[in-house]
Amino acid sequence: MKKIISFILTIALVTTCFIGYDSKSVKAESKEFNLTFGKQITAKFEGTYQSENFHGYKFNLGSNANIKVVISSKSGSVRWGIATEKKAYQPYTYAPSDTTVYLPKGTGYYLLLNGTGEYTFKVTYVGASKVRFPKSSGRFSDVYSVSIPFTYTGTYDYANSHLRMKNSTPKMASASMSLYSDNTGKVYVYPKRYGKTVISLTMAGGNTAKYTLHITRGYWYIAKGCKKKAPKPVGVKKPKWSSSKKKKVSIKKKSGKIKAKKGGRVTLTAKKGKVKYRLKTVVTDYKKLARRAYKEIRDSVNNPDKLKIYSACRGYAKVRTDAPRIPVVYFDFGSTNYYGAMIRTKLVAYYDDVMTVRSYTVANSNSVYKKKTMKKKYYKK
(Lines give C-alpha, C1' and ligand atoms only; values in the text may rest on other atoms or scores of the structure.)
Protein backbone atom coordinates (compact mmCIF):
# COMPACT_ATOMS: atom_id res chain seq x y z
CA MET A 1 0.00 0.00 0.00
CA LYS A 2 2.85 2.40 0.86
CA LYS A 3 4.46 1.66 -2.52
CA ILE A 4 1.26 2.54 -4.40
CA ILE A 5 0.85 5.78 -2.44
CA SER A 6 4.51 6.66 -3.08
CA PHE A 7 4.11 6.05 -6.83
CA ILE A 8 0.96 8.16 -6.99
CA LEU A 9 2.85 11.03 -5.35
CA THR A 10 5.73 10.51 -7.81
CA ILE A 11 3.36 10.71 -10.77
CA ALA A 12 1.79 13.82 -9.29
CA LEU A 13 5.16 15.50 -8.90
CA VAL A 14 6.42 14.66 -12.40
CA THR A 15 3.07 15.46 -13.99
CA THR A 16 3.22 18.88 -12.40
CA CYS A 17 6.63 19.33 -14.03
CA PHE A 18 5.18 18.38 -17.43
CA ILE A 19 1.77 20.01 -17.60
CA GLY A 20 1.17 21.95 -14.41
CA TYR A 21 -1.38 19.68 -12.74
CA ASP A 22 -1.38 19.61 -8.91
CA SER A 23 -1.47 16.42 -6.83
CA LYS A 24 -5.21 16.68 -6.22
CA SER A 25 -5.88 15.79 -9.87
CA VAL A 26 -4.17 12.38 -9.55
CA LYS A 27 -6.58 9.72 -8.33
CA ALA A 28 -6.73 5.98 -7.80
CA GLU A 29 -6.46 5.13 -11.54
CA SER A 30 -2.67 5.74 -11.39
CA LYS A 31 -0.83 2.45 -11.92
CA GLU A 32 2.82 1.38 -11.85
CA PHE A 33 4.37 -1.35 -14.03
CA ASN A 34 7.89 -2.56 -14.72
CA LEU A 35 9.13 -1.92 -18.26
CA THR A 36 10.63 -4.71 -20.36
CA PHE A 37 12.81 -3.44 -23.21
CA GLY A 38 12.00 -4.86 -26.65
CA LYS A 39 8.58 -6.19 -25.64
CA GLN A 40 5.45 -4.80 -27.29
CA ILE A 41 2.88 -3.87 -24.67
CA THR A 42 -0.83 -3.22 -25.09
CA ALA A 43 -2.82 -1.67 -22.28
CA LYS A 44 -5.96 0.36 -21.68
CA PHE A 45 -7.01 3.22 -19.45
CA GLU A 46 -10.12 2.82 -17.35
CA GLY A 47 -12.42 5.81 -17.02
CA THR A 48 -13.00 8.70 -19.37
CA TYR A 49 -11.52 11.81 -17.72
CA GLN A 50 -8.01 12.27 -19.09
CA SER A 51 -6.38 13.84 -16.03
CA GLU A 52 -7.40 10.86 -13.85
CA ASN A 53 -5.65 8.24 -16.01
CA PHE A 54 -1.90 7.75 -15.44
CA HIS A 55 0.19 4.68 -16.17
CA GLY A 56 3.87 4.61 -15.25
CA TYR A 57 6.40 2.07 -16.57
CA LYS A 58 9.48 2.05 -14.38
CA PHE A 59 12.98 1.21 -15.68
CA ASN A 60 16.69 1.71 -14.89
CA LEU A 61 19.72 2.38 -17.10
CA GLY A 62 23.13 0.97 -16.22
CA SER A 63 24.92 3.35 -18.61
CA ASN A 64 24.31 6.44 -20.71
CA ALA A 65 22.14 5.33 -23.60
CA ASN A 66 19.59 6.12 -26.27
CA ILE A 67 16.18 4.49 -26.08
CA LYS A 68 13.66 4.36 -28.88
CA VAL A 69 9.97 4.76 -28.02
CA VAL A 70 7.34 3.72 -30.58
CA ILE A 71 3.79 4.29 -29.35
CA SER A 72 0.36 4.40 -30.94
CA SER A 73 -3.15 4.91 -29.65
CA LYS A 74 -5.71 2.33 -30.81
CA SER A 75 -8.59 4.28 -29.36
CA GLY A 76 -8.98 7.48 -27.39
CA SER A 77 -6.10 9.92 -26.90
CA VAL A 78 -2.70 9.11 -25.36
CA ARG A 79 0.38 11.20 -24.66
CA TRP A 80 3.67 10.16 -23.10
CA GLY A 81 6.86 11.48 -21.52
CA ILE A 82 9.96 10.26 -19.66
CA ALA A 83 10.99 11.53 -16.25
CA THR A 84 12.30 10.82 -12.78
CA GLU A 85 10.85 12.26 -9.58
CA LYS A 86 13.09 15.33 -9.94
CA LYS A 87 13.51 15.95 -13.67
CA ALA A 88 11.54 15.74 -16.92
CA TYR A 89 13.59 14.37 -19.84
CA GLN A 90 10.96 14.07 -22.56
CA PRO A 91 8.03 16.53 -22.48
CA TYR A 92 4.63 15.06 -23.24
CA THR A 93 4.25 13.98 -26.87
CA TYR A 94 0.97 12.79 -28.37
CA ALA A 95 0.73 9.34 -29.95
CA PRO A 96 1.46 8.14 -32.56
CA SER A 97 5.15 8.76 -31.94
CA ASP A 98 8.49 7.28 -32.97
CA THR A 99 11.19 9.02 -30.94
CA THR A 100 14.78 8.34 -29.87
CA VAL A 101 15.65 9.85 -26.49
CA TYR A 102 19.08 10.19 -24.85
CA LEU A 103 19.16 9.45 -21.10
CA PRO A 104 22.12 9.43 -18.71
CA LYS A 105 22.86 6.47 -16.46
CA GLY A 106 20.39 6.31 -13.59
CA THR A 107 17.59 4.58 -11.69
CA GLY A 108 13.94 5.36 -11.14
CA TYR A 109 13.04 6.41 -14.67
CA TYR A 110 9.37 6.38 -15.66
CA LEU A 111 7.75 6.17 -19.06
CA LEU A 112 4.56 8.10 -18.19
CA LEU A 113 1.35 7.73 -20.16
CA ASN A 114 -1.72 9.87 -19.69
CA GLY A 115 -5.00 9.65 -21.60
CA THR A 116 -8.03 7.55 -22.43
CA GLY A 117 -8.65 4.36 -24.39
CA GLU A 118 -6.26 1.65 -25.54
CA TYR A 119 -2.60 2.07 -26.55
CA THR A 120 0.33 -0.03 -27.80
CA PHE A 121 4.03 0.73 -27.37
CA LYS A 122 7.50 -0.77 -27.45
CA VAL A 123 10.70 0.65 -25.97
CA THR A 124 13.99 -0.50 -27.50
CA TYR A 125 17.42 -0.08 -25.95
CA VAL A 126 19.54 1.50 -28.69
CA GLY A 127 22.73 1.98 -26.66
CA ALA A 128 25.24 4.78 -26.92
CA SER A 129 25.87 6.51 -30.26
CA LYS A 130 29.59 6.78 -30.94
CA VAL A 131 31.85 8.91 -33.11
CA ARG A 132 35.40 8.17 -34.29
CA PHE A 133 38.18 9.52 -36.49
CA PRO A 134 39.99 6.91 -38.65
CA LYS A 135 43.30 8.19 -37.24
CA SER A 136 44.30 10.43 -34.35
CA SER A 137 46.57 13.01 -36.01
CA GLY A 138 47.79 14.50 -39.27
CA ARG A 139 49.71 17.36 -40.85
CA PHE A 140 48.32 20.24 -42.82
CA SER A 141 49.27 19.91 -46.51
CA ASP A 142 49.74 22.68 -49.05
CA VAL A 143 46.08 23.39 -49.75
CA TYR A 144 43.73 26.14 -48.63
CA SER A 145 41.85 23.87 -46.23
CA VAL A 146 41.94 20.30 -45.00
CA SER A 147 38.99 17.96 -44.48
CA ILE A 148 39.13 15.35 -41.73
CA PRO A 149 36.62 12.48 -42.19
CA PHE A 150 34.84 10.77 -39.30
CA THR A 151 32.11 8.18 -38.79
CA TYR A 152 29.31 7.85 -36.25
CA THR A 153 26.79 5.22 -35.16
CA GLY A 154 23.08 5.68 -34.56
CA THR A 155 20.60 7.83 -36.45
CA TYR A 156 21.40 11.02 -38.36
CA ASP A 157 18.70 12.95 -36.46
CA TYR A 158 20.20 12.04 -33.11
CA ALA A 159 23.77 12.85 -34.19
CA ASN A 160 22.65 16.11 -35.76
CA SER A 161 21.18 17.19 -32.41
CA HIS A 162 23.72 15.71 -30.01
CA LEU A 163 27.12 15.80 -31.72
CA ARG A 164 29.29 18.76 -30.67
CA MET A 165 32.63 19.95 -32.04
CA LYS A 166 35.36 21.82 -30.16
CA ASN A 167 38.48 23.43 -31.62
CA SER A 168 41.19 23.77 -28.95
CA THR A 169 43.04 26.68 -30.59
CA PRO A 170 40.82 28.87 -32.80
CA LYS A 171 43.60 31.44 -33.26
CA MET A 172 45.66 28.80 -35.09
CA ALA A 173 42.86 27.43 -37.25
CA SER A 174 39.14 27.82 -37.73
CA ALA A 175 36.97 24.74 -38.17
CA SER A 176 33.47 23.71 -39.20
CA MET A 177 31.61 20.40 -39.29
CA SER A 178 29.33 18.73 -41.83
CA LEU A 179 27.22 15.65 -41.07
CA TYR A 180 25.78 13.23 -43.64
CA SER A 181 22.97 10.69 -43.46
CA ASP A 182 25.23 7.72 -44.38
CA ASN A 183 26.85 7.79 -40.90
CA THR A 184 29.83 9.83 -42.08
CA GLY A 185 30.91 13.42 -41.67
CA LYS A 186 33.80 15.83 -42.22
CA VAL A 187 35.53 18.52 -40.22
CA TYR A 188 36.87 21.34 -42.42
CA VAL A 189 39.89 23.18 -41.03
CA TYR A 190 41.26 26.51 -42.29
CA PRO A 191 44.77 27.13 -40.90
CA LYS A 192 45.94 30.53 -39.70
CA ARG A 193 49.21 30.09 -37.79
CA TYR A 194 51.99 27.68 -37.00
CA GLY A 195 51.36 25.16 -34.24
CA LYS A 196 48.81 22.49 -33.52
CA THR A 197 45.13 22.35 -32.69
CA VAL A 198 43.01 19.50 -31.36
CA ILE A 199 39.57 18.89 -32.88
CA SER A 200 37.22 17.12 -30.45
CA LEU A 201 33.88 15.55 -31.38
CA THR A 202 31.66 14.65 -28.43
CA MET A 203 28.50 12.55 -28.79
CA ALA A 204 26.02 12.94 -25.94
CA GLY A 205 25.65 9.60 -24.24
CA GLY A 206 28.54 8.22 -26.27
CA ASN A 207 32.18 9.20 -26.41
CA THR A 208 34.69 11.89 -27.42
CA ALA A 209 36.94 11.45 -30.47
CA LYS A 210 40.03 13.65 -30.88
CA TYR A 211 42.18 14.58 -33.86
CA THR A 212 45.45 16.52 -33.52
CA LEU A 213 46.34 18.66 -36.53
CA HIS A 214 49.92 19.93 -36.89
CA ILE A 215 50.02 23.17 -38.87
CA THR A 216 53.16 24.31 -40.69
CA ARG A 217 51.42 26.31 -43.41
CA GLY A 218 48.82 29.05 -43.26
CA TYR A 219 46.89 31.34 -45.61
CA TRP A 220 46.61 35.10 -45.42
CA TYR A 221 44.46 37.39 -47.58
CA ILE A 222 45.42 41.06 -47.83
CA ALA A 223 44.81 43.97 -50.20
CA LYS A 224 47.34 45.85 -52.30
CA GLY A 225 48.80 48.72 -50.27
CA CYS A 226 48.43 46.85 -46.97
CA LYS A 227 51.04 47.71 -44.31
CA LYS A 228 50.87 45.47 -41.25
CA LYS A 229 52.72 42.68 -39.50
CA ALA A 230 52.43 39.14 -40.78
CA PRO A 231 50.67 36.72 -38.38
CA LYS A 232 53.51 35.42 -36.22
CA PRO A 233 53.82 31.68 -35.55
CA VAL A 234 52.31 30.95 -32.14
CA GLY A 235 54.89 30.15 -29.48
CA VAL A 236 57.86 31.12 -31.70
CA LYS A 237 59.87 34.10 -30.48
CA LYS A 238 61.65 36.42 -32.93
CA PRO A 239 61.54 34.36 -36.13
CA LYS A 240 63.33 35.61 -39.24
CA TRP A 241 61.03 36.46 -42.14
CA SER A 242 61.56 36.34 -45.90
CA SER A 243 59.41 36.84 -49.03
CA SER A 244 59.41 34.69 -52.15
CA LYS A 245 58.53 37.73 -54.33
CA LYS A 246 59.87 40.95 -52.89
CA LYS A 247 58.49 42.99 -55.80
CA LYS A 248 54.98 41.98 -54.76
CA VAL A 249 55.34 41.86 -50.98
CA SER A 250 58.35 43.13 -49.08
CA ILE A 251 58.84 42.09 -45.48
CA LYS A 252 61.24 43.22 -42.75
CA LYS A 253 63.39 40.35 -41.59
CA LYS A 254 63.04 40.91 -37.84
CA SER A 255 59.72 42.67 -37.30
CA GLY A 256 57.70 40.86 -39.97
CA LYS A 257 56.14 44.13 -41.14
CA ILE A 258 55.01 43.87 -44.76
CA LYS A 259 54.15 46.17 -47.62
CA ALA A 260 51.88 44.74 -50.33
CA LYS A 261 53.03 46.31 -53.63
CA LYS A 262 51.34 44.21 -56.33
CA GLY A 263 48.51 41.72 -56.58
CA GLY A 264 49.22 38.00 -56.80
CA ARG A 265 50.46 35.08 -54.73
CA VAL A 266 53.47 35.26 -52.44
CA THR A 267 54.92 32.89 -49.85
CA LEU A 268 56.17 34.49 -46.64
CA THR A 269 58.45 32.24 -44.60
CA ALA A 270 59.29 32.45 -40.89
CA LYS A 271 62.29 30.48 -39.61
CA LYS A 272 63.53 29.84 -36.08
CA GLY A 273 65.60 26.76 -35.26
CA LYS A 274 63.68 23.72 -36.48
CA VAL A 275 60.56 25.78 -37.12
CA LYS A 276 59.82 26.64 -40.73
CA TYR A 277 56.42 28.23 -41.23
CA ARG A 278 55.13 29.11 -44.70
CA LEU A 279 52.40 31.71 -44.96
CA LYS A 280 50.70 31.52 -48.37
CA THR A 281 49.67 35.12 -49.03
CA VAL A 282 47.06 36.23 -51.57
CA VAL A 283 47.30 39.92 -52.42
CA THR A 284 44.14 41.42 -53.93
CA ASP A 285 44.38 44.31 -56.37
CA TYR A 286 40.87 45.76 -56.04
CA LYS A 287 40.91 47.41 -59.49
CA LYS A 288 41.95 44.22 -61.30
CA LEU A 289 39.45 42.15 -59.33
CA ALA A 290 36.65 44.63 -60.13
CA ARG A 291 37.50 44.56 -63.86
CA ARG A 292 37.55 40.75 -63.95
CA ALA A 293 34.31 40.48 -61.98
CA TYR A 294 32.62 43.07 -64.21
CA LYS A 295 33.73 41.18 -67.34
CA GLU A 296 32.36 37.91 -65.95
CA ILE A 297 29.07 39.62 -65.12
CA ARG A 298 28.78 40.94 -68.69
CA ASP A 299 29.59 37.49 -70.10
CA SER A 300 26.93 35.84 -67.96
CA VAL A 301 23.91 38.13 -68.47
CA ASN A 302 21.34 37.72 -71.25
CA ASN A 303 21.78 41.20 -72.77
CA PRO A 304 25.14 42.86 -71.87
CA ASP A 305 24.18 46.12 -73.62
CA LYS A 306 21.35 46.63 -71.14
CA LEU A 307 23.43 45.79 -68.07
CA LYS A 308 22.95 48.46 -65.43
CA ILE A 309 25.36 48.90 -62.49
CA TYR A 310 23.56 50.53 -59.55
CA SER A 311 26.59 50.57 -57.28
CA ALA A 312 30.04 49.04 -56.84
CA CYS A 313 32.31 49.07 -53.81
CA ARG A 314 35.32 47.39 -52.31
CA GLY A 315 35.85 46.13 -48.79
CA TYR A 316 36.13 42.96 -46.71
CA ALA A 317 33.71 40.07 -46.19
CA LYS A 318 33.51 36.56 -44.78
CA VAL A 319 33.10 34.11 -47.64
CA ARG A 320 32.57 31.40 -44.97
CA THR A 321 31.13 31.98 -41.53
CA ASP A 322 34.09 30.30 -39.81
CA ALA A 323 36.83 32.07 -41.80
CA PRO A 324 38.37 35.55 -41.43
CA ARG A 325 37.29 38.45 -43.63
CA ILE A 326 39.09 38.80 -46.94
CA PRO A 327 39.21 41.57 -49.62
CA VAL A 328 36.15 41.56 -51.92
CA VAL A 329 34.32 43.75 -54.41
CA TYR A 330 30.55 44.18 -54.38
CA PHE A 331 28.32 44.81 -57.40
CA ASP A 332 24.64 45.74 -57.35
CA PHE A 333 23.43 45.37 -60.94
CA GLY A 334 20.37 44.78 -63.08
CA SER A 335 20.00 42.75 -66.27
CA THR A 336 17.10 41.72 -68.48
CA ASN A 337 15.88 38.15 -68.74
CA TYR A 338 14.53 36.44 -71.88
CA TYR A 339 11.18 38.17 -71.40
CA GLY A 340 12.72 41.64 -71.13
CA ALA A 341 12.09 42.04 -67.39
CA MET A 342 14.87 43.68 -65.37
CA ILE A 343 16.33 41.32 -62.74
CA ARG A 344 18.38 42.88 -59.94
CA THR A 345 21.32 40.98 -58.43
CA LYS A 346 23.75 41.76 -55.60
CA LEU A 347 27.04 39.93 -55.91
CA VAL A 348 30.30 39.64 -53.95
CA ALA A 349 33.47 38.63 -55.84
CA TYR A 350 36.86 37.59 -54.45
CA TYR A 351 40.07 35.74 -55.32
CA ASP A 352 40.52 32.19 -54.09
CA ASP A 353 43.91 30.72 -53.14
CA VAL A 354 44.94 30.25 -56.81
CA MET A 355 43.75 33.72 -57.90
CA THR A 356 40.57 32.46 -59.57
CA VAL A 357 37.65 34.88 -59.30
CA ARG A 358 34.82 33.42 -57.21
CA SER A 359 31.47 35.03 -56.47
CA TYR A 360 28.23 34.57 -54.53
CA THR A 361 25.00 36.51 -54.22
CA VAL A 362 23.95 38.40 -51.08
CA ALA A 363 20.82 40.17 -49.89
CA ASN A 364 22.52 43.59 -49.64
CA SER A 365 25.88 45.26 -49.09
CA ASN A 366 25.67 44.95 -45.28
CA SER A 367 27.83 41.84 -45.41
CA VAL A 368 30.74 43.96 -46.74
CA TYR A 369 32.84 45.78 -44.13
CA LYS A 370 34.87 48.96 -44.59
CA LYS A 371 33.06 49.72 -47.82
CA LYS A 372 34.46 52.26 -50.27
CA THR A 373 32.70 53.20 -53.48
CA MET A 374 34.53 52.33 -56.70
CA LYS A 375 34.37 54.62 -59.73
CA LYS A 376 33.21 53.26 -63.07
CA LYS A 377 36.58 53.94 -64.71
CA TYR A 378 38.19 51.35 -62.43
CA TYR A 379 36.08 48.39 -63.51
CA LYS A 380 35.00 49.35 -67.06
CA LYS A 381 38.49 49.51 -68.54
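Worth saying up front: this structure is predicted, and the values here are computed from it rather than measured. (Residues numbered from 1 in each chain as written. Predicted model: local features only at pLDDT ≥ 70, side-chain atom pairs only at ≥ 80, totals over all residues. Heavy atoms only, no water.)

(A) Examining the overall build of the protein more closely. Broken down by element type, the protein carries four helices and 28 strands. For the protein, buried positions account for 44% of its 381 residues. Excluding contacts between residues fewer than 6 apart, the proportion of contacts in the protein whose partners are at least 24 apart in sequence is 64%. (Helix = DSSP H or I, 4+ residues; strand = E, 2+ residues; numbered from the N terminus. Buried < 20%, exposed > 50% of the residue type's maximum accessible area, 1.4 Å probe, protein only. Contact = heavy atoms within 4.5 Å.)

(B) Structural context of helix α3 (residues 286-300). In a regular helix each residue adds 1.5 Å, so 15 residues correspond to 21 Å; α3 covers 21 Å between its end C-alpha atoms and thus fits that length. Within the span of α3, buried status applies to Y286, L289, A290, A293, Y294 and I297. Buried positions in α3, seen along its axis, are confined to an arc of 130 degrees and lie on one side of it. Seen from the open side of α3, the exposed residues pointing more than 90 degrees away from its buried face are K295 and D299. Near the N-terminus of α3, the side chain that reaches the backbone nitrogen of K287, with its oxygen 3.1 Å away, is that of D285. (Expected span 1.5 Å × (residues − 1). Arc of directions from axis to C-beta. Polar contact = N/O pair within 3.5 Å; in protein donor to acceptor, adjacent residues only side chain to side chain.)

(C) Inspection of the nonpolar core at higher detail. Membership of the largest hydrophobic core comes to 56 residues, with the highest contact counts inside it found for F133, F150, V187, V189, V329 and F331. In contact with V329, other than residues within four places in its own chain, are Y286, L289, A290, A293, C313, R314, L347, V348, A349 and M374. Of all hydrophobic cores here, the second largest spans 22 residues; its members include I82, V101, L111 and L113. (Core = buried A, V, L, I, M, F, W, Y, C linked by side-chain atoms within 4.5 Å.)

(D) Up close: the packing of aromatic side chains. The full count for this structure, using the stated rule, is 13 aromatic pairs. Ring centres of F37 and F59 lie 5.7 Å apart, and the angle between their planes is 80 degrees; on these two criteria the pair is classed as edge-to-face. Placement of the pair is F37 in the loop between β1 (31-34) and β2 (41-44) and F59 in strand β3 (residues 54-61), with a sequence separation of 22 residues. Given a relative accessible area of 30%, F37 falls into the partly exposed group. One Lys or Arg, R325, reaches over the ring of Y369 and ends 3.5 Å from the middle of that ring. The ring of Y310 carries the charged tip of R344 above its face, separated from the ring centre by 4.0 Å. (Phe/Tyr/Trp six-rings, centres within 6.5 Å; stacked < 30°, edge-to-face > 60°. Lys NZ or Arg CZ within 6 Å of the ring centre and 35° of its normal.)

(E) Spatial organisation of the pattern of salt bridges. A complete count under the given rule lists five salt bridges for this structure. Close ionic contact of K68 with D98 constitutes a salt bridge, the shortest N to O distance being 4.0 Å. Linking K68 in strand β4 (residues 65-73) with D98 in strand β7 (residues 97-103), this pair joins segments that are 30 residues apart in sequence. Taking the relative accessible area as the measure of exposure, K68 reaches 32% and is therefore partly exposed. What makes D98 exposed here is its relative accessible area of 53%. R344 is the partner of D332 in a salt bridge, and the nearest nitrogen-oxygen pair spans 2.8 Å. Of this pair, D332 sits in strand β25 (residues 326-336) while R344 is found in strand β26 (residues 342-351), placing the two residues 12 residues apart along the sequence. Here D332 falls in the buried class, since its relative accessible area comes to 5%. Residue R344 is classed as partly exposed on the basis of its relative accessible area of 48%. (Salt bridge = Lys/Arg side-chain N within 4 Å of Asp/Glu carboxyl O.)

(F) Just the pairing of strand β9 (residues 118-127), in detail. Here β2 pairs with β9 via four bridges, running antiparallel. Opposite I41, over in β9, you have F121 as the bridge partner. Pairing of β4 with β9, which is carried by eight bridges, proceeds in the antiparallel orientation. If you follow S72 over to β9, its bridge partner there is T120. (Pairing = 2+ DSSP bridges.)

(G) Molecular detail of the environment of Y92. Looking at the element boundaries, Y92 is found in strand β6 (residues 88-94). Residues Y92 and G81, 11 residues apart in the sequence, show an inter-C-alpha distance of 4.6 Å.

(H) Looking closely at the sheet that holds β6. Pairing in this open sheet of five strands is mixed, and the strands run β1-β3-β8-β5-β6 from one edge to the other. The open sheet terminates on both sides in strands that have one partner only, identified here as β1 and β6. Averaged over all neighbouring strand pairs, the angle between strand axes comes to 20 degrees, with direction disregarded. Bridge analysis of strand β5 (residues 78-83) against β6 gives four bridges, and the strand direction is antiparallel. Looking at β6, one finds that R79 is bridged to Y94. (Axes fitted to C-alpha atoms, helices over the stretch in contact; angles between N-to-C directions.)

(I) Structural view of the sheet that holds strand β15 (residues 184-191). Judged by pairing direction, the sheet is antiparallel, and its four strands sit side by side in the order β10-β12-β15-β14 without closing on themselves. The open sheet is flanked by β10 (131-132) and β14 (173-179), the only strands paired with a single partner. Where β14 and β15 come together, seven bridges link them in antiparallel fashion. Along β15, the bridge assignment pairs S174 with Y190.

(J) Up close: unusual backbone geometry. In this model, A95 is joined to P96 through a cis peptide bond whose omega is 0 degrees. The phi dihedral of M355 is positive, around 65 degrees, even though this residue is not glycine. Relative to the assigned elements, M355 resides in the loop between β26 and β27 (357-361).

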